Amino acid sequence: MSATDLALLGAGALAGLLRRREVSSEEVVGACLRRIESLNPKLAAFITVCDDVALQAARRADRELARGRSRGPLHGIPFAVKDALWTKGVRTTNGSRLFEEFVPTEDATVVARLRAAGAILLGKLNMMEIGFGPTLRPPFGMPRNPWNLERTTGGSSSGSASAVAARLVPVTLGADTGGSIRLPAALCGVVGLKPTRGRVSRYGLMGICPRFDCAGPLAAAVSDCALVLQAIAGHDRKDRSTRRVAVDDYAQAIGKGVEDVRIGIVKELMQSALLHPEVRGLLTGAVAALEKAGARVDQVSIPLIELSSAIYVAIAEPEAAALFRPHLLARSQDFDVLPRRRLLTASLIPASVIAPAKRLGERLRAQVDEVLRDVDVLVSPATPSAAPPITTASRIRSKDEAWMTAAAGRSLFTNPFNITGHPALSVPCGFTAEHLPVGLQVIGRYYREADALRVAAAYESITGWHDRRPVL
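It should be emphasised that the depicted structure is a prediction, and the values quoted were computed from it without experimental measurement.

**Some points on the overall build of the protein chain**
- The secondary structure content of the protein chain amounts to 16 helices and eleven strands.
- Across its three principal axes, the protein chain shows a C-alpha extent of roughly 60 × 55 × 45 Å.
- Across the 472 residues in the protein chain, those meeting the buried criterion constitute 60%.
- Relative to all contacts within the protein chain whose residues are 6 or more apart in sequence, the contacts with residues 24 or more apart total 79%.
- Accessible surface for the protein chain amounts to roughly 18,400 Å². Of this, 51% is attributable to carbon and sulfur atoms.

**So, helix α10 (residues 277-292)**
- Here α10 is 16 residues long and its end C-alpha atoms lie 22 Å apart, about the 22 Å a rise of 1.5 Å per residue gives.
- Among the residues of α10, those classed as buried are Val279, Leu282, Leu283, Ala286, Val287 and Leu290. Viewed end-on, α10 has its buried residues packed into an arc of 140°, placing them on one side of the element. With respect to the buried face of α10, the exposed residues turned more than 90 degrees away are Pro277 and Lys292.

**Looking at the environment of Pro138**
- As for its position among the elements, Pro138 is in the loop between β3 (120-125) and α6 (158-165).
- Looking at Pro138, the relative accessible area reads 15%, which means it is buried.
- For the pair formed by Pro138 and Leu338, sequence separation is 200 residues and the distance between their alpha carbons is 10 Å.

**Re the pattern of salt bridges**
- For the coordinates displayed, the defined rule picks out 19 salt bridges.
- One salt bridge connects Arg445 with Asp376, and the closest N-O pair in it is separated by 3.8 Å. Residue Arg445 is found in the loop between β11 (437-444) and α16 (449-463), and its partner Asp376 is found in the loop between α13 (354-371) and β9 (377-381); the two are separated by 69 residues along the sequence.
- Look at Arg445 and you get partly exposed, because its relative accessible area is 26%.
- One continuous salt-bridge network, built from bridges that share partners, spans Glu64, Arg69 and Arg71.

**With respect to the packing of aromatic side chains**
- A full pass over the atoms with the stated rule returns five aromatic pairs.
- Between Trp86 and Phe102, the aromatic rings sit 6.4 Å apart at their centres with planes inclined by 70°, giving edge-to-face as the arrangement. In this pair, Trp86 sits in the loop between β2 (78-82) and α5 (109-116) while Phe102 sits in the loop between β2 and α5, placing the two residues 16 residues apart along the sequence.
- A ring pair is formed by Trp86 and Tyr203, whose centres lie 5.6 Å apart and whose planes are at 75°; its orientation type is edge-to-face. Taken together, the residues span a long stretch of sequence, with Trp86 in the loop between β2 and α5 and Tyr203 in the loop between β5 (191-194) and β6 (215-219) at a distance of 117 residues.
- By relative accessible area, which is 22% here, Trp86 ends up partly exposed.
- Classification of Tyr203 as partly exposed rests on a relative accessible area of 22%.
- An aromatic cluster is present here, built from Trp86, Phe102 and Tyr203 joined pairwise through their rings.

**A short note on the side chain of His75**
- Residue placement: His75 occurs in the loop between α4 (51-66) and β2.
- Reaching out from His75, the side chain makes a polar contact with the side chain of Glu64 at a distance of 3.3 Å.
- Apart from the residues within four sequence positions on either side, His75 is in contact with Leu18, Ala61, Glu64, Leu65, Arg69, Ser70, Ala117 and Gly118.

**Quick notes on the sheet that holds strand β4 (residues 171-175)**
- Strand order across the open sheet formed by eleven strands is β1-β3-β2-β4-β6-β5-β10-β11-β9-β7-β8, with mixed pairing between neighbours. Unpaired on one side and paired on the other, β1 (46-49) and β8 (296-300) mark the two borders of the sheet. The average undirected angle you get between the axes of adjacent strands in this sheet is 30°.
- Two elements, β1 and β3, share three bridges in a ladder whose sense is antiparallel. Across the sheet, the residue bridging to Thr48 is Lys124, located in β3.
- Its contacts with the sheet place helix α8 (residues 222-232) against β4, β5, β6 and β10 (424-431), and it is angled at close to 150° to β6.

**Topic: empty space enclosed by the protein**
- Taken as a whole, this structure holds three cavities of 30 Å³ or more when the rule is applied.
- Size it by volume and the largest cavity reaches roughly 90 Å³.
- Taken together, 17 residues form the lining of the largest cavity, with Lys82, Gly131, Thr177, Met206 and Gly207 sitting closest to its centre.
- Here the residues of the lining of the largest cavity sort into eight nonpolar, six polar and three charged.
- If you go around the second largest cavity, the residues you meet are Arg197, Arg211, Phe212, Ile315, Lys358, Gly361, Glu362 and Ile419.
- Residue contributions to the lining of the second largest cavity peak at three residues, all from α13.
- A per-class count over the lining of the second largest cavity returns three nonpolar, one polar and four charged.

**Observations concerning α13**
- Taking 1.5 Å per residue, 18 residues should reach 26 Å; α13 reaches 26 Å between its end C-alpha atoms and fits that length.
- Where α13 is concerned, the buried positions are Ala357, Gly361, Leu364, Val368 and Val371. Along the long axis of α13, the arc covered by the buried residues comes to 85°, so they all point the same way. More than 90 degrees from the buried face of α13, the exposed residues found are Arg359 and Arg363.
- Looking at the packing, one finds that the buried side of α13 touches β8, α11 (308-331), β9 and α15 (416-420).

**Digging into the nonpolar core**
- With 124 residues, the main nonpolar core has Val110, Ile263, Leu378 and Leu440 as its most contacted residues.
- Not counting chain neighbours up to four residues away, the residues in contact with Leu378 comprise Gly264, Val266, Val300, Ile302, Val368, Val371, Leu372, Gln441, Val442 and Ile443.
- Formed by 21 residues, the second largest nonpolar core is a distinct cluster that contains Ala54, Ile120, Leu122 and Ala163.

The rules behind the values
- Residues numbered from 1 in each chain as written.
- Predicted model: local features only at pLDDT ≥ 70, side-chain atom pairs only at ≥ 80, totals over all residues.
- Heavy atoms only, no water.
- Helix = DSSP H or I, 4+ residues; strand = E, 2+ residues; numbered from the N terminus.
- Buried < 20%, exposed > 50% of the residue type's maximum accessible area, 1.4 Å probe, protein only.
- Contact = heavy atoms within 4.5 Å.
- Areas by Shrake-Rupley, 256 points an atom, 1.4 Å probe, with all protein chains shown as cover.
- Expected span 1.5 Å × (residues − 1).
- Arc of directions from axis to C-beta.
- Salt bridge = Lys/Arg side-chain N within 4 Å of Asp/Glu carboxyl O.
- Phe/Tyr/Trp six-rings, centres within 6.5 Å; stacked < 30°, edge-to-face > 60°.
- Polar contact = N/O pair within 3.5 Å; in protein donor to acceptor, adjacent residues only side chain to side chain.
- Pairing = 2+ DSSP bridges.
- Axes fitted to C-alpha atoms, helices over the stretch in contact; angles between N-to-C directions.
- 1 Å grid on protein atoms, 1.4 Å probe; cavity = no way out; pocket = protein on both sides within 12 Å on 5 of 7 lines; lining within 4 Å.
- Points joined across faces, edges and corners; volume = space filled by probe spheres on them.
- Nonpolar A, V, L, I, M, F, W, Y, C, P; charged D, E, K, R; others polar.
- Core = buried A, V, L, I, M, F, W, Y, C linked by side-chain atoms within 4.5 Å.

Rendered as structure tokens:
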């Protein structure tokens, strides 16, 4: 098998080859490193590549496999992580000049768990600065969408989605505060999962709002996301927000189909004025395909979901402003202009709005729980449009243009489920006339990631959108 062929395979397929000793981990890692060397200059997906260390780790993995010792399905599989997650001995920039010399002395828990599962760290991935974008002039290069290099990857886990879409690495980790896994997953045509709040440790994640921050996997296929989630989920004594809730066997959810699964279409999101008609058409087709496969589909209403962006801004943005206030005071010019302005604006939000916003957030959570008593999962758009053009100074000449560039409702459909804490994923559901991918969002009950994975995998199997690859 050629190096190109190896790099194009997902984690599950590679695991089978490694288990049968048909290829070595060193060959797999080498294939990925060569693809990174060839394509990363175009994509700016990686900030740091750990080539020599990764090859050494791959050789250790091969020696273990030769002795009959396997740590599980991710043994010898390459992965890369958003540069907001600590990596021992490897710089962790958080996408910012502020941290470009920061080298952690320990791994984030999710990174440590993947290493313990035998996975091989290839490097650190580009992102919107401090996860609080957009970023007009990223210090480590502008991440590019593999489907169209002039279109945005979305954010803030930009490189995490781009690297998977371009098959630079089979699986990645991102972080999601208001949609930062699901948005780039949708715009780059891959699968991205935000787990239930408390399911996955936040220890070692340089986030912006602990209440909403969450780490999770991205991959080209739902089954590969399930493999990664299996490795990283569970209680962590280093993160008191994690819960002692049994972790499901996520692989068992794959392949069950959707016969008699009850699906609720979120009326307010599907009827949003911000939703592009072409995207609405693709989503309608996706729901019809699930219904044809045996799912029972009903429309549900969550009235408060239309206030989710206001709730999110009132809670998350002041927390981010407080967290980065010392940096703003000491090194304001080291911030990109757009995150700096956003942080300064957030610092002006009066404290009097935060408590009412939190109460509204709890009411929103109750409404989502209520509709999930009658259905197994919810579905909605992941983004209102396909990937827009990359942000440039010429595109934000007016206040209105700046707002549409910075917000454009792009997290309107994702941030409700950061507020409520429910698990949610994006799975590819088609392409626009401009050959840009679109994502279907699937939302589950608390700690029922398995239900969302089951529905997404069933949809994947009856459509095959995930098999398409960009030409680079």
